[in-house]
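# An overview of the molecular structure
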There are 2 protein chains.
Amino acid sequence: MVTVHDVAARSGVSIATVSRTLREPHRVSEDTRVRVLAAVDELGYRPNRAARSLRQGRTGIIALIVPDIENPYFASMTKGAQVMCRARGYGLVVVDTTERADIEDEEVRALRSQTDGLILASSRLPDERLAEIADATPCVLVNRRLTGAAAATPSVTIDEEAAARAAVDHLYGLGHRRLAYVGGPERSWSQARRSAAMAGAARSLPGLEVVQLAGCVPTSDGGRAVAREVLATGATAVVAYNDLIALGLLAQWTETGVRVPGDVSLVGFDDTYVTGLVTPPLTSVGVDLRELGDAAVELLIDAIDGPAAGGEGGTRSIVPRLAVRASTAAPGVG
Amino acid sequence: MVTVHDVAARSGVSIATVSRTLREPHRVSEDTRVRVLAAVDELGYRPNRAARSLRQGRTGIIALIVPDIENPYFASMTKGAQVMCRARGYGLVVVDTTERADIEDEEVRALRSQTDGLILASSRLPDERLAEIADATPCVLVNRRLTGAAAATPSVTIDEEAAARAAVDHLYGLGHRRLAYVGGPERSWSQARRSAAMAGAARSLPGLEVVQLAGCVPTSDGGRAVAREVLATGATAVVAYNDLIALGLLAQWTETGVRVPGDVSLVGFDDTYVTGLVTPPLTSVGVDLRELGDAAVELLIDAIDGPAAGGEGGTRSIVPRLAVRASTAAPGVG
DNA sequence: CTGTTAGCGCATTCAA
DNA sequence: TTGAATGCGCTAACAG
């Protein structure tokens, strides 16, 4: 291992100058700088992160905690976070909790002191616990917002109101008057908001009915399982809690002779890359997930660098777009 | 931050005893042990990783370097690695190189000294560079094997021979005599082996022809783009370099009235979770990807803990299974 | 502009 | 079985 001492010896300066050359180049003279940098280069010197962390009390590492890295939603988000971290000179540790709150809690406890901050995506932890965490360490929530005393906790959320409205407006505009919303896990924070947003969007449109189903497992198999039940609502168009459920519905229907969008139109949520994998490609509403990851990282770095950023801390709500593809059409058409 | 000093003070022992209690519990007396552990618990003490790393010269961190975390193949692999790392007490840093060799090289350089070892999955680096890296730091390759002087570099690979044979045997058994193989990127190590394995598998079966196409972009759009060309080969069954290409073929064909498996049977490679998202579900051949991640982590930890494990270092070839689903049938049937 | 020095938190050696 | 002392590599005062 090459250390500051090696570089110092090689370039004929003290270790302090080596360190200074690297951290505050403007504070050393032109020719020492080139000499030191040359030595750094020749020796392949890399500052030891552990030593630096120990000294500075900051690690340069951010932890991103997700329920399931296999889920395309979090995979894309992770990608965004990754890229942003690289750009901002931070390292990123990704932790997959396999949807388990106990593992999430344990990981948070372990990571809290070993990183500069946490990003908790779609956390399974209760509000009170999140408030504690936010109180003790820089942290950004994704798809979650705290209220009360902890309301200032930075968070990135999706404007579910706008999302639901976009989906419903689109279907209403096509002529649909009876919709079904296939809800996700009942305890999910996003589900609660999506469900409410769907109901709200419906109320503002005359003659529109929205039937809600709840508690669908948010996977394609979950969608398959409720395919028949959804059809039985008599809806001419269906909005699903997420793309995977929508794909399950689509697969099951296709296999049983139900045509999309001929017999029923279908809209997914999140607009993940799987929408393009199927026939017909799935209309879906969602944000750019990489942007979601980006935003979370930026907010976190702000929180780390300037904890005195002033009150708000920064809660960002991202407005989604509706990507219209081939799974939606006017009722009875297609 | 709670340090050994706090714990020592609280339990009335020296910091050395605290450290010992945690690392070598058998070397302290029963009652000091309980006293110290109680203090640890009450104070919520967590050893500082940076300090420990600095002292011990090892970080307890493994880096997993993948080309694209959004790719379901690597997402699943990552999940496996993650779980195994947790179980073995290591931390895992996941790095996405966005398919760029230069970023991969840079990340390797940066991570080499800050982690205990590297897992390079489907590396884009040339053999010589990989050999250098393997020489300088504990490392495990996935989907890559080195030859010559560096042949002992630990690696986990898929038995492509067996995979191709399974796919071809299946189709041959159904009665297909003219197959097409849609190859992936020409410079890919896996592509070269898959292509050769397909040709080899074909030779051993009388009356079987395999037409090979090459250079397909390994995404569903890539598959869509060559759908027509593949059909023009006159093959009654098609094997694709990966599942995404297969899904692209399927989508494009479905949209143009070509029936799978009625007009053409389709087999994917890798057996990722997307195979279940479409209609018909895709027959695919591949290994359990989580196991792939598991295996890589285990091999790496072996390499770290016992660098004198004796010659081989351990190169593991995993035998894939063929998952028969609905996208394959006898020619003219379905 | 540069060098000397202290100490971050911990594991470990050496004495006791 | 325990404690005192050392130093891992680095950065940030401070002194020159």
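Residues numbered from 1 in each chain as written. Chains lettered and ligands numbered in written order. Predicted model: local features only at pLDDT ≥ 70, side-chain atom pairs only at ≥ 80, totals over all residues. Heavy atoms only, no water.

### Things to note about the domain arrangement of chain A
What counts is decided by this rule: Here the bounds of each domain stem from an automatic or database domain assignment.
According to the domain assignment, chain A consists of domain 1 (1-45), domain 2 (54-156 + 289-318) and domain 3 (160-287). Taken over C-alpha atoms, the centre of domain 1 of chain A sits 35 Å from the centre of domain 2 of chain A.

### Considerations on the layout of surface pockets
Counted only if it meets this: Here a cavity is any set of points on a 1 Å grid over the protein atoms alone where a 1.4 Å probe fits but cannot get out, and a pocket is any open set with protein on both sides within 12 Å along at least 5 of 7 lines; a residue lines the site when it has an atom within 4 Å of a point. Grid points are joined across faces, edges and corners, and a volume is the space filled by probe spheres set on the points. Only DSSP runs of H or I with at least four residues qualify as helices, and only runs of E with at least two residues qualify as strands; both kinds are numbered from the N terminus onward. In the scheme used here, Gly and all other residues not listed as nonpolar or charged are polar, with Ala, Val, Leu, Ile, Met, Phe, Trp, Tyr, Cys and Pro taken as nonpolar and Asp, Glu, Lys and Arg as charged.
For the second largest pocket, the calculated volume is near 1,200 Å³. As for the second largest pocket, its lining consists of 46 residues, of which B:D68, B:N71, B:E99, B:R124 and B:P218 are closest to the centre. Of all the elements in the fold, those that place two or more residues in the lining of the second largest pocket are α12 (289-305) of chain A together with α5 (72-88), α9 (189-203), α10 (220-231) and α11 (243-255) of chain B. Classifying every residue of the lining of the second largest pocket gives 17 nonpolar, 14 polar and 15 charged.

### Some details on the nonpolar core
To be explicit about the condition: To qualify as a nonpolar core, a set must consist of buried Ala, Val, Leu, Ile, Met, Phe, Trp, Tyr and Cys residues joined through side-chain atoms within 4.5 Å. For each residue, the accessible area found with a 1.4 Å probe, counting protein chains only, is set against the maximum for its type, and the residue is called buried under 20%, exposed over 50%, and partly exposed in between. By definition, residues are in contact when any of their heavy atoms lie within 4.5 Å.
Grouped together as the largest cluster of nonpolar side chains are 90 residues, with contacts concentrated most on A:L249, A:W253, B:L249 and B:W253. Beyond its immediate chain neighbours, meaning those up to four positions away, B:L249 contacts B:V182, B:G223, B:R224, B:V226, B:A227, B:V230, B:V238, B:A240 and B:L266. A:V142, B:L64, B:Y73 and B:L289 belong to the second largest nonpolar core, which has 60 residues in total.

### Description of the packing of aromatic side chains
Residues and elements named next belong to chain A. Heads up, the rule is: Working definition: rings of Phe, Tyr and Trp (its six-membered ring) pair if their centres are within 6.5 Å, and the pair is stacked with planes under 30 degrees apart, edge-to-face with planes over 60 apart, and tilted otherwise.
Per the stated rule, a full pass over the model turns up 2 aromatic pairs over all chains. Taking the centre distance of 5.2 Å and the plane angle of 75° together, the rings of Y73 and F74 count as edge-to-face. Of the residues examined, Y73 reaches a relative accessible area of 6% and is grouped as buried. Overall, F74 belongs to the buried group, its relative accessible area being 6%.

### Description of the side chain of B:T78
On the secondary structure map, B:T78 appears in helix α5. Beyond its immediate stretch of four places on either side in the chain, B:T78 contacts A:I69, B:L64, B:V66, B:I69, B:L92 and B:V94.

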